[in-house]
Amino acid sequence: MSMPYIERNGLTLSRFMLGTAQLGMDNYGVNNRLGSVNDKELLEYCERAGINCYDTALEYGDAEVKLGQFFKGKQSPFIVSKLKVDLQLTSEVELERQMVSKAEQIISRLQLSAIPALMIHDPVTLQVYGPSVGRILSRMKRDGMIERGGISFGADPVDQYNYSAALLQDDIYEMVQMPVNLFDRRLIQCGALQDFADRGKWVVARSVFLQGLFFMNRQSLPEKLLPEGAELLEKLQGLAVSEEMTIAELALAYVRDLQGVHCLVIGAESPEQIKVNLELMSCPPLSERTRMRIDRTFADIPRIYITPFMWKS
């Protein structure tokens with residue numbers, strides 16, 4: 001099992017980027033079965049496997065703290081963190097004060113001298129504050145707090161892209177994180193992924209397995225997703241069987257081979273899950289026929305089935 005890497009713009013990153021929400025938040029994900037995670041065991045396995053990049057956030061409980069403790073005294077990996085800001089601030093000075101304060105927290109928690117990549121966790125920040133956000137990120141980079149900036153798209157990615165696209169032309173936004181999977185192809189369909197590729201952005205795809213939804217059945221689905229959600233999953237199962245693939249192979253290969261996608265954020269509850277997902281990283285590519293079948297079968301999926309926060313009671 002050989003770890004795939006990608007080299008761009010002076011960075012060499014493993015295509016597998018560990019998502020660390022599970023490290024700091026119990027029962028993260030609709031299909032989480034283990035609850036809390038043995039972080040030391042998980043990170044030791046990642047280190048041995050050659051995973052050299054991690055996705056985290058100030059809002060992920062103590063995930064940043066655990067990363068900082070584990071990598072203290074070692075060669076630091078590439079860590080992407082994210083922050084949110086209040087949306088009622090009245091000046092760029094206030095906004096900068098809050099962004100810098102939160103970045104200082106992240107630096108302290110990660111035990112780093114600078115954040116390799118700092119993403120804005122909620123794109124509405126750009127809608128509210130406009131170019132001020134990019135100017136502040138640029139000053140933070142100039143002052144050595146961050147090495148590059150970025151943005152993470154959320155539950156309404158097309159609207160978020162439409163109002164932020166012009167602002168993202170600023171070179172400070174070097175990295176973009178976006179949800180994309182078999183059911184959720186909104187940022188492909190609206191042209192955003194192609195736009196990011198044309199601008200030379202690093203694109204990190206998340207929600208490859210839709211927080212584990214793809215592996216659930218009618219009995220285990222959240223009540224809000226019944227019965228139509230079960231019917232969608234049955235279609236997915238049927239497509240996988242007809243293609244002689246597992247659902248996991250189908251889902252991962254679909255996102256992995258999208259033109260313009262560089263890294264895949266995948267969370268895990270155990271080393272065994274990481275091992276399985278790393279093996280999936282080397283599964284064969286999908287045929288063009290299979291991709292077309294996916295696009296036809298799962299066209300125009302209603303928003304509720306691709307928006308995890310809507311699944312809660």
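Please refer to the structure placed before this passage.
A few points on the structure. Everything quoted here is computed from the prediction, not taken from an experiment.

Section: the pattern of salt bridges
On inspection of all chains with the given rule, the structure shows 21 salt bridges. As a salt-bridge pair, arginine 109 and glutamate 64 come within 2.6 Å of each other at their nearest N and O atoms. Residue arginine 109 is found in helix H4 (residues 92-110), and its partner glutamate 64 is found in helix H3 (residues 63-71); the two are separated by 45 residues along the sequence. Given the relative accessible area of 0%, glutamate 64 is considered buried. As a salt-bridge pair, aspartate 184 and arginine 186 come within 2.8 Å of each other at their nearest N and O atoms. An identical accessibility class is assigned to aspartate 184 and arginine 186; each is buried. When salt bridges with common partners are traced through the structure, they connect Glu92, Glu96, Arg135 and Arg139 into a single cluster.

Here's the deal with helix H13 (residues 288-297)
Three or more residues of H13 are buried, namely Thr290, Arg291 and Ile294. All buried residues of H13 lie within an arc of 100° about the axis, which places them on one face of the element. Turned more than 90 degrees off the buried face of H13, the exposed positions are Glu288, Arg289 and Arg296. For H13, the secondary structure elements touched by its buried residues are helix H10 (228-242) and helix H11 (247-256).

Some details on the sheet that holds strand S8 (residues 173-179)
Pairing is parallel around the closed barrel formed by eight strands, whose spatial order is S3-S4-S5-S6-S7-S8-S9-S10. Each strand of the sheet is rotated relative to its neighbour by a mean of 30°, with strand direction disregarded.

A word on the packing of aromatic side chains
Enumeration according to the criterion identifies seven aromatic pairs in this entry. Judged by centre distance (4.9 Å) and plane angle (45°), the ring pair of phenylalanine 183 and phenylalanine 298 falls under tilted. Here phenylalanine 183, found in the loop between S8 and helix H8 (186-189), pairs with phenylalanine 298, found in the segment after H13; they are 115 residues apart in sequence, far enough to count as distant. Phenylalanine 298 matches phenylalanine 183 in its accessibility class, with the two residues each being buried. Where phenylalanine 209 meets phenylalanine 215, the ring centres are 5.2 Å apart and the plane angle is 50°; that geometry is what we call tilted. With a relative accessible area of 11%, phenylalanine 209 lands in the buried category. Chaining the aromatic ring pairs together yields one cluster made of Tyr54, Phe70 and Phe71. Arginine 8 extends its terminal NZ or CZ atom over the ring of tryptophan 202, reaching a point 5.2 Å from the ring centre.

As for the pairing of strand S7 (residues 149-152)
Burial of the side chains of S7 extends over both faces: Gly149 and Ile151 are buried on one face and Gly150 and Ser152 on the other. In this sheet, S7 lies alongside strand S6 (residues 117-120) in parallel orientation, the contact comprising three bridges. Counterpart to methionine 119 in the pairing with S7 is glycine 150. Read as a crossover between parallel neighbours, the route from S7 over helix H7 (residues 157-164) to S8 is right-handed.

Basis of the calculations
Residues numbered from 1 in each chain as written. Predicted model: local features only at pLDDT ≥ 70, side-chain atom pairs only at ≥ 80, totals over all residues. Heavy atoms only, no water. Salt bridge = Lys/Arg side-chain N within 4 Å of Asp/Glu carboxyl O. Helix = DSSP H or I, 4+ residues; strand = E, 2+ residues; numbered from the N terminus. Buried < 20%, exposed > 50% of the residue type's maximum accessible area, 1.4 Å probe, protein only. Arc of directions from axis to C-beta. Contact = heavy atoms within 4.5 Å. Pairing = 2+ DSSP bridges. Axes fitted to C-alpha atoms, helices over the stretch in contact; angles between N-to-C directions. Phe/Tyr/Trp six-rings, centres within 6.5 Å; stacked < 30°, edge-to-face > 60°. Lys NZ or Arg CZ within 6 Å of the ring centre and 35° of its normal. Right-handed = clockwise from strand over helix to strand, strands pointing away.

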